[in-house]
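An overview of the molecular structure
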Amino acid sequence: MENLARINGKTELVGLLATPIGHSLSPAMHNMAFDQLGLNCAYLAFEVGNEKLEDAVKGMRALNVKGFNVSMPNKMKILPYLDELADSAKFSGAVNTVVNVDGKFVGHSTDGMGYTRNLKEHGIDIKGKKMTLIGSGGAATPIAIQSALEGIAEISIFARDDAFFPHAEENVRIINEDMKHLNVKANVYPLENVEQLRAEILSSDILANGTGVGMKPLEGLSVIQDESMLRPDLIVTDVVYIPRKSKLMEQTEAAGATAINGLGMMLWQGALAFELWTGQQMPVEYIKEQLF
Ligand code: NAD
């Protein structure tokens, strides 16, 4: 933090409830932004898992904090402790940002919003597009839900035959039934069905990896086994940002397609949370220069 002198009796607290937490970039990101804009707020991370979550939220209420982030393993568990949910959180069943609105704790999911906002920064509007999305966990689900909320035409979700497959089916059901008014067509397929994957990518504008494949301990691996599935006019996005260039991003560049790694999504989910708490825009370019 550049200017500790600004902490005083009126400083408002913004927090993060997660575990493990030591690696998080969020405290640095938000405190730099508070400093830069001269806001009298401080962001602190608290090592909190599921068992202490309810007490921690009660504590946040008692302290009348400005808001807080929630990360793994608390994103889904926190829902019952909140007063209201924005659509982003309601349909994805997960919260990463809580805003204190006159004592009411309102949950949002800015992960998916960060994803679509980052696409916009790259000149891509998902309206009317088709996406093939791989995965159905904590990162993939908000991508699917927010893309649906923002007018994607069709989304084909592929998931591995593991404990997450029912999540993929549930995400597709939510989009087709609970979000029916949005007229988005959602499909679900096993990731093992390689020919279906090829066909869906061929008719898609965007291929999105929403899994940790490409990052430790799966570094050097890719969800795409056959590079001929990629083509120059395809947009390929990854949630992985360490390494900056995952195997999938390498394959994408080699195919001459547009490669967008997970860094922008991460930055923008923070920027959008910051905006929800403060009503001000995060100085994103400055943060990028300082942190990335
Ligand atoms: P998760 O455990 O909730 O979900 C993991 C998903 O990956 C599941 O769908 C699972 O089926 C799938 N999967 C796991 N191993 C696989 C394999 N070998 N092959 C195919 N599919 C596999 O995890 P998560 O919270 O969704 O996180 C996933 C990744 O996204 C992590 O690398 C995380 O760091 C990253 N992430 C990035 C951002 C960002 O802002 N860029 C945000 C959240 C998460």
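Conventions we followed
- Residues numbered from 1 in each chain as written.
- Predicted model: local features only at pLDDT ≥ 70, side-chain atom pairs only at ≥ 80, totals over all residues.
- Heavy atoms only, no water.
- Near = heavy atom within 4 Å.
- Polar contact = N/O pair within 3.5 Å; in protein donor to acceptor, adjacent residues only side chain to side chain.
- Areas by Shrake-Rupley, 256 points an atom, 1.4 Å probe, with all protein chains shown as cover.
- Helix = DSSP H or I, 4+ residues; strand = E, 2+ residues; numbered from the N terminus.
- Nonpolar A, V, L, I, M, F, W, Y, C, P; charged D, E, K, R; others polar.
- Pairing = 2+ DSSP bridges.
- Contact = heavy atoms within 4.5 Å.
- Axes fitted to C-alpha atoms, helices over the stretch in contact; angles between N-to-C directions.
- Parallel < 35°, antiparallel > 145°, perpendicular 65-115°, else oblique.
- Left-handed = near helix turned anticlockwise from the far one by under 90°.
- Buried < 20%, exposed > 50% of the residue type's maximum accessible area, 1.4 Å probe, protein only.

All right, on to the site of the ligand then. Surrounding the ligand, one finds 19 residues, the nearest of these being Ser136, Gly138, Ala139, Asp162 and Gly262. Separating an oxygen atom of the ligand from a backbone N or O atom of Gly138 is a distance of 2.8 Å. In the model, a nitrogen atom of the ligand is placed 3.2 Å from a nitrogen or oxygen of the Arg160 side chain. Summarising the interface, the protein chains cover 78% of the accessible area of the ligand, which totals 850 Å² for the free molecule. The set of elements that each furnish at least two residues to the shell around the ligand consists of strand S11 (213-219) and helix H9 (263-278). Looking at the shell around the ligand element by element, the count peaks at 3 residues for S11. Its residues placed into classes, the shell around the ligand shows 10 nonpolar, 7 polar and 2 charged.

A word on the sheet that holds strand S4 (residues 84-85). In spatial order, the strands read S2-S1-S3-S5-S6-S4; together these 6 strands make up an open sheet with mixed pairing. With partners counted over all chains shown, the strands left at the sheet margins are strand S2 (41-47) and S4, one partner each. As paired strands, strand S3 (residues 67-70) and strand S5 (residues 97-101) are joined by 3 bridges and run antiparallel to one another. Bridging from a neighbouring strand, Asn69 pairs with Thr97 of S5. Most of the contacts of helix H2 (residues 50-62) go to strand S1 (residues 12-18), to which it runs at about 175°, and overall it touches S1, S2, S3 and strand S6 (104-108).

What follows deals with the packing of helix H4 (residues 110-121) against H9. Viewed as axis vectors pointing N to C, H4 and H9 meet at an angle of 115°, and their least axial separation amounts to 7 Å. Relative to H9, the element H4 lies roughly perpendicular. Note that H4 runs across H9; the crossing there is right-handed. Facing Thr110, Asp111, Met113, Gly114, Tyr115, Arg117, Asn118 and Glu121 of H4, the residues of H9 in contact are Gly264, Met265, Trp268, Gln269, Leu272, Ala273 and Leu276.

Both faces of the sheet carry side chains from a regular strand, because those side chains alternate between them. Of all 5 residues making up S5, 4 are buried, and the element is well covered by its neighbours. Summarising the sheet, S5 and S6 pair through 5 bridges and their orientation is antiparallel. When the bridges of S6 are listed, Thr97 appears paired with His108. As consecutive antiparallel partners, S5 and S6 are separated by 2 residues, and within that stretch Asp102 has a phi angle of approximately 50°, a positive value.

Mapped onto the secondary structure, Thr110 falls in helix H4. We classify Thr110 as buried; its relative accessible area is 0%. For the pair Thr110 and Met29, spaced 81 residues apart in the sequence, the C-alpha separation amounts to 15 Å. Apart from residues lying up to four places away in sequence, Thr110 is in contact with Asn96, Thr97, Gln269, Leu272, Ala273 and Leu276.

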